[in-house]
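Fold and geometry: a report
Each chain, written out:
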Amino acid sequence: EAVAAEWMLEFACSCLCRHFAEQSGAEFRRWRDVAQALINGLSRIPPHQKKTVYLCQLLIRIAQGKSLELQFENDQRVSPLESALSFWTLLEREEIKLQKLHEDIRRLIQIQIVAVHMENRYFKEAAEVLERLFTDSESDKPLRVKLATVIKTKDPYVPLLQSFSYSLLISKIKSYIELFMKENETNFLMQEATKHVASKGLGATTLQNRPVEVNENYNCDLETKQGFVLSIILLRDCTFLSCVNGEIQNCCLDADSSLVWIYINCLLDLDNMKNVGKSGVSLACSRKRQLWTHEEDLELKLGVRQFGVGNWAKILVHGNFKNRTSVMLKDRWRTLSKMK
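A short tour of the structure in this document, coming up. Every value quoted in this text rests on a predicted model; they were computed, and no experiment measured them. Residue positions within a chain follow its written sequence, with the count starting from 1. The model is predicted, so local features are restricted to residues of pLDDT at least 70 and side-chain atom pairs to those at 80 or more, both for listing and for counting; the totals for chains, interfaces and linings are taken over all residues. The side-chain values count all of the structure's non-hydrogen atoms but skip hydrogen atoms and water molecules.

1. Focus: the overall build of the chain
- From N to C terminus, the chain includes 18 helices and 2 strands.
- Contacts: residue pairs with any heavy atoms within 4.5 Å of one another. Counted over contacts in the chain with a minimum sequence separation of 6, partners at least 24 positions apart contribute 61%.
- Values of accessible area rely on a 1.4 Å probe in the Shrake-Rupley scheme; residue burial ignores everything except the protein chains shown. A total of about 20600 Å² of accessible surface is found on the chain, and carbon and sulfur atoms cover 53% of it. Each helix is a run of DSSP H or I of at least 4 residues and each strand a run of E of at least 2, with the numbering of both proceeding from the N terminus.

2. As for the side chain of Q49
- Locating Q49 in the fold gives a position in the loop between α2 (25-40) and α3 (50-63).
- Side-chain polar atoms of Q49 contact the backbone oxygen of E6, separated by 3.2 Å.
- If we skip the residues at most four places from it in the chain, Q49 touches E6, L9 and E10. We define a polar contact as two N or O atoms separated by no more than 3.5 Å, with the added condition that, inside protein, one atom must be a possible hydrogen donor and the other a possible acceptor, whereas residues neighbouring each other in sequence contribute only through side-chain atom pairs.

3. Focus on the packing of helix α1 (residues 2-22) against helix α9 (residues 166-183)
- The convention used is that axes are lines fitted to C-alpha atoms, helices contributing only their stretch in contact, and that angles between N-to-C directions extend from 0 to 180 degrees. Where α1 meets α9, the axes come as close as 10 Å, and the angle between the chain directions of the two elements is 145°. The interaxial crossing formed by α1 with α9 has left-handed handedness. Contact residues: α1 offers C13, S14, C17, F20 and A21, while α9 offers I170, I173, K174, I177, F180 and M181.
- Of the residues contributing to the contact of α1 with α9, the split by class is 9 nonpolar, 1 polar and 1 charged. Two helices that cross are described as forming a left-handed crossing if the nearer one is turned anticlockwise from the farther one by less than a right angle, and a right-handed crossing if clockwise. Three classes are used, and their members are as follows: Ala, Val, Leu, Ile, Met, Phe, Trp, Tyr, Cys and Pro are nonpolar, Asp, Glu, Lys and Arg are charged, and the others, Gly among them, are polar.

4. Overview of the pattern of salt bridges
- The rule for a salt bridge is simple: a side-chain nitrogen of Lys or Arg has to be within 4 Å of a carboxyl oxygen of Asp or Glu. As enumerated under the stated definition, the model contains 16 salt bridges in all.
- D104 serves as the salt-bridge partner of K172, at 3.4 Å between the closest nitrogen and oxygen. Of the two residues, K172 sits in helix α9 while D104 sits in helix α5 (residues 99-119), which places them 68 residues apart along the sequence.
- The shortest N-O distance in the salt bridge between R334 and D331 comes to 3.2 Å. Residue R334 and its partner D331 are both found in helix α18 (residues 326-339); the two are separated by 3 residues, about one turn of the helix.
- Three labels apply to residues, based on accessible area from a 1.4 Å probe with only protein chains included: buried if under 20% of the type maximum, exposed if over 50%, partly exposed otherwise in between. The class of R334 is partly exposed, set by a relative accessible area of 42%.

5. Here's the deal with the nonpolar core
- By nonpolar core is meant a set of buried Ala, Val, Leu, Ile, Met, Phe, Trp, Tyr and Cys residues that side-chain atoms within 4.5 Å join together. The biggest cluster of nonpolar side chains holds 59 residues, and the ones touching the most others in it are L55, L58, I62, V114, L147 and L169.
- With 10 residues, α5 is the single largest residue contributor to this core.
- If near-sequence neighbours (up to four positions away) are discounted, L55 is found in contact with C13, C17, L91, Y176 and F180.
- Core analysis: the second largest hydrophobic core is formed by 11 residues, L300, W312, F321 and L336 among them.

6. Side note on the environment of A35
- Relative to the helices and strands, A35 is located in helix α2.
- Its relative accessible area of 0% is what places A35 among the buried residues.
- Sequence separation of A35 and E10 is 25 residues, and the distance between their C-alpha atoms is 9.0 Å.

7. Some thoughts on the packing of aromatic side chains
- Here is the rule: rings of Phe, Tyr and Trp (six-membered ring for Trp) pair when centre to centre is within 6.5 Å. Planes less than 30 degrees apart are stacked, more than 60 are edge-to-face, and the remainder are tilted. By the definition in use, this model includes 6 aromatic pairs.
- Residues F20 and F28 carry aromatic rings whose centres are separated by 5.9 Å and whose planes lie at 55° to one another, so their mutual orientation is tilted.
- According to the relative accessible area criterion, F28 is buried, its value standing at 7%.
- A centroid spacing of 6.3 Å and a plane angle of 70° characterise the contact between W292 and F321, whose relative ring orientation is edge-to-face. With W292 in the loop between α15 (283-286) and α16 (294-307) and F321 in the loop between α17 (312-318) and α18, this pair connects stretches of sequence that are 29 residues apart.

8. Section: unusual backbone geometry
- Of note, the phi angle at Q23 is positive, near 55°, even though the residue is not glycine.
- When you line up the elements, Q23 lands in the loop between α1 and α2.
- Positive phi values are uncommon outside glycine, yet K154 reaches one of about 55°.
- By relative accessible area, K154 is classed as partly exposed at 49%.

9. Looking at the environment of E82
- Residue position: E82 is located in helix α4 (residues 80-94).
- Looking at E82, the relative accessible area reads 13%, which means it is buried.
- Between the C-alpha atom of E82 and that of R61, which follows or precedes it by 21 residues, the distance is 8.8 Å.
- Leaving out residues up to four positions away in the same chain, E82 has contacts with R77, I113, V129, R132 and L133.
- A polar contact is formed between the side chain of E82 and the side chain of R132, at a distance of 2.8 Å.

10. Topic: the packing of α16 against α18
- Between α16 and α18, the shortest axis-to-axis distance is 11 Å and the interhelical angle comes to 95°. Judged by the inter-axis angle, α16 sits roughly perpendicular to α18. Of the residues in α18, those in contact with D297, L300, K301 and V304 of α16 are L329, R332, W333 and L336.
- Among the residues forming the contact of α16 with α18, the class breakdown is 5 nonpolar, no polar and 3 charged. For classification purposes, an angle smaller than 35 degrees is called roughly parallel, one larger than 145 roughly antiparallel, one from 65 to 115 roughly perpendicular, and anything else oblique.

11. Focus on the state of the cysteines
- Note on disulfides: each one is a pair of cysteine sulfur atoms within 2.5 Å. Per the counting criterion, the structure on display carries 0 disulfides.
- You can see C13 has no disulfide; the closest cysteine sulfur is in C56, sitting 3.6 Å from it.
- Of the cysteine sulfurs around C17, a residue in no disulfide, the closest is that of C13, at 4.2 Å.

What follows is the structure, given as structure tokens:
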């Protein structure tokens, strides 16, 4: 599990970097959630994956850098960009050969921390954050003095802030990502996927346009689906949009929410659809009917007691069932209820 998690984290970081560089918001948010779930699952950060973890956390915060209402730290005064700066400091410690780029990005983050506060008219907070950002070292003094002068003007559009803009910060981060990606071309999952595509004689475009072929050897074992369901649960929280009184709002959907389990039910009940052969007849229907055993009945009753009637997907995932779907569980419960 630890080795597989490392491969997945490398792959998630790679996707996160790519979508950050391409500015594809929806895909970036999707891989942000995956990366965060994998990071949260680590009991400790392996030394060789520190850069990967730090970079994921940096990108997540840079992407939300202008949203002062978001909190990544327990200290409510710390903005997303100030939190990003702490991860950039950790990244700097992991490598020494990119000194010039490191200095440029550090300076841009520091300037933009102040600039974002000023854009939101938080001038007092901008002055306070300036005190936290800089030490008393002589190397920091020139920039600290310039930013203190800018804050006193209460003008977020002064030349200094315009010259070191947020877009320039994003551009520099992209340059760093490009170097990081070149260093990590040995990404295991990417290598294996490339070999697989090459072995099939397929290009990426061909692979995407290839029709799905379903036959009796197609492995749609329920355990595979259960593993997929558990991977959804791993994320724990899903962000979705809801419409309340005509306004679109971001909401946090807990994995135990009924909406999540409705979605999982839909996934599990695709079993028959995925088993439809070329003749149009369901392969699941053509197989010999599998009788319910006494042990399965007990497992079903235990699941109903634990999770309640109607939570068939939840019962299926947590129960010891072989080649069953949530629809089968529902039908069997109806039969058992009639027998009572």
